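Structure at a glance
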Amino acid sequence: MKRQILKLDKIEELQSGIFRMTLEGDCSEINAPGQFVNIKVDGFYLRRPISIFDWDKEHVTLVFKVVGEGTKVMAEAQKGDCFDVLLPLGNGFCPEKGGEKPLLVGGGIGVPPLYGLAKELVAKGVTPQVVIGFNSEKEVILADDFKTLGIEPVITTVDGSVGVKGFVTDAMKTMDYDYVYTCGPEPMLKAVYDAAPDGQFSFEARMACGFGACMGCSCETKYGYKRICEDGPILYKEEIKW
């Protein structure tokens, strides 16, 4: 982990209140899909943890939703503005464990880190299946980005406005896979946990420091308490206590 000053290169609104932001600077230590950054926002004490969508040695791209005043300030940033960023944080996904038939399942703002994972899997010669779930067509993001990797994502919406009507688990019933990577709200993760034979689960949690010092994001597992920021955010199905 390093503290870096990164400069805003570009920002765009993908859907109402959902933004994609690319920062430039030294990002060379990012080494796994599913890691995250912790961004200091002027005027706020606590940093904002944001998952990594994509990266190279000199850029990191984040996708975030405006949910409060801090992320609102981020969304209003202009090209050239600088951010104090801790990166990379978290353990990230392990692509090697997915086998030949991995399935990536994302819900809402949990979809972004799965793009980086899909990109890495494709680079290793494995094309995963992808299911992404939203409440409605107005919230769908990143479907075209997966298509650029040669992946046609299955979209589910609760209201049926686009794709499969229902939840991600409804689409999973028709798919042939043996391992799942997933990120999204906890009720979705629980449903995927019940449906999947094995996999890696990316958890969201409120956190302060982002690197394991404050213990504020600890959760109980089958093997004792773990910190979502340091020991996670990726937990394996075998250790999750539900």
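In this report, the structure presented in the accompanying data block is examined.

Parameters at a glance
Residues numbered from 1 in each chain as written. Predicted model: local features only at pLDDT ≥ 70, side-chain atom pairs only at ≥ 80, totals over all residues. Heavy atoms only, no water. Pairing = 2+ DSSP bridges. Helix = DSSP H or I, 4+ residues; strand = E, 2+ residues; numbered from the N terminus. Contact = heavy atoms within 4.5 Å. Axes fitted to C-alpha atoms, helices over the stretch in contact; angles between N-to-C directions. Buried < 20%, exposed > 50% of the residue type's maximum accessible area, 1.4 Å probe, protein only. Salt bridge = Lys/Arg side-chain N within 4 Å of Asp/Glu carboxyl O.

1. Looking at the sheet that holds strand S11 (residues 179–183)
Across the sheet, which stays open at both edges, the 7 strands sit in the order S10-S9-S8-S7-S11-S12-S15 with mixed pairing between neighbours. If you trace the sheet from one side to the other, it starts and ends with strand S10 (164–165) and strand S15 (234–236), each paired once. The pairing of strand S9 (residues 154–157) with S10 spans 2 bridges and is classified as parallel. What sits directly across from Thr157, in S10, is Lys165. Helix H2 (residues 112–123) contacts strand S7 (102–107) and S11 of the sheet and is inclined by roughly 160° relative to S7. Contacts from helix H5 (residues 186–195) reach S7, S11 and strand S12 (199–202), with the element oriented near 175° to S11.

2. Some thoughts on the pairing of strand S6 (residues 82–89)
Counting buried positions along S6 gives 7 out of 8 residues, so the element sits mostly inside the fold. Bridging between strand S1 (residues 2–15) and S6 involves 6 bridges; their strand directions are antiparallel. Considered in S6, the bridge of Lys2 is made with Leu87.

3. As for the pattern of salt bridges
For the coordinates displayed, the defined rule picks out 16 salt bridges. The salt bridge involving Glu29 is made with Lys2; its shortest N-O contact spans 3.5 Å. Of this pair, Glu29 sits in the loop between strand S2 (18–24) and strand S3 (36–40) while Lys2 sits in strand S1, and the two are 27 residues apart along the sequence. Looking at Glu29, the relative accessible area reads 32%, which means it is partly exposed. Put simply, Lys190 and Asp194 hold a salt bridge, and the shortest N to O gap is 2.9 Å. Here Lys190 and its partner Asp194 are both found in helix H5, 4 residues apart, which amounts to about one turn of the helix. On the basis of relative accessibility, which here comes to 51%, the residue Asp194 falls in the exposed class.

4. Here we look at unusual backbone geometry
Going from Leu87 to Pro88, the amide bond is cis rather than trans, its omega being -10°. Relative to the helices and strands, Pro88 is located in strand S6. Each neighbour pair has its own omega, and for Gly232 with Pro233 the value is 10°, a cis peptide bond. At Leu142, a residue that is not glycine, the phi angle is positive and equals roughly 70°. For Leu142, the position within the fold is in the loop between strand S8 (129–134) and helix H3 (143–147). The exposure class assigned to Leu142 is buried, which follows from its relative accessible area of 6%.

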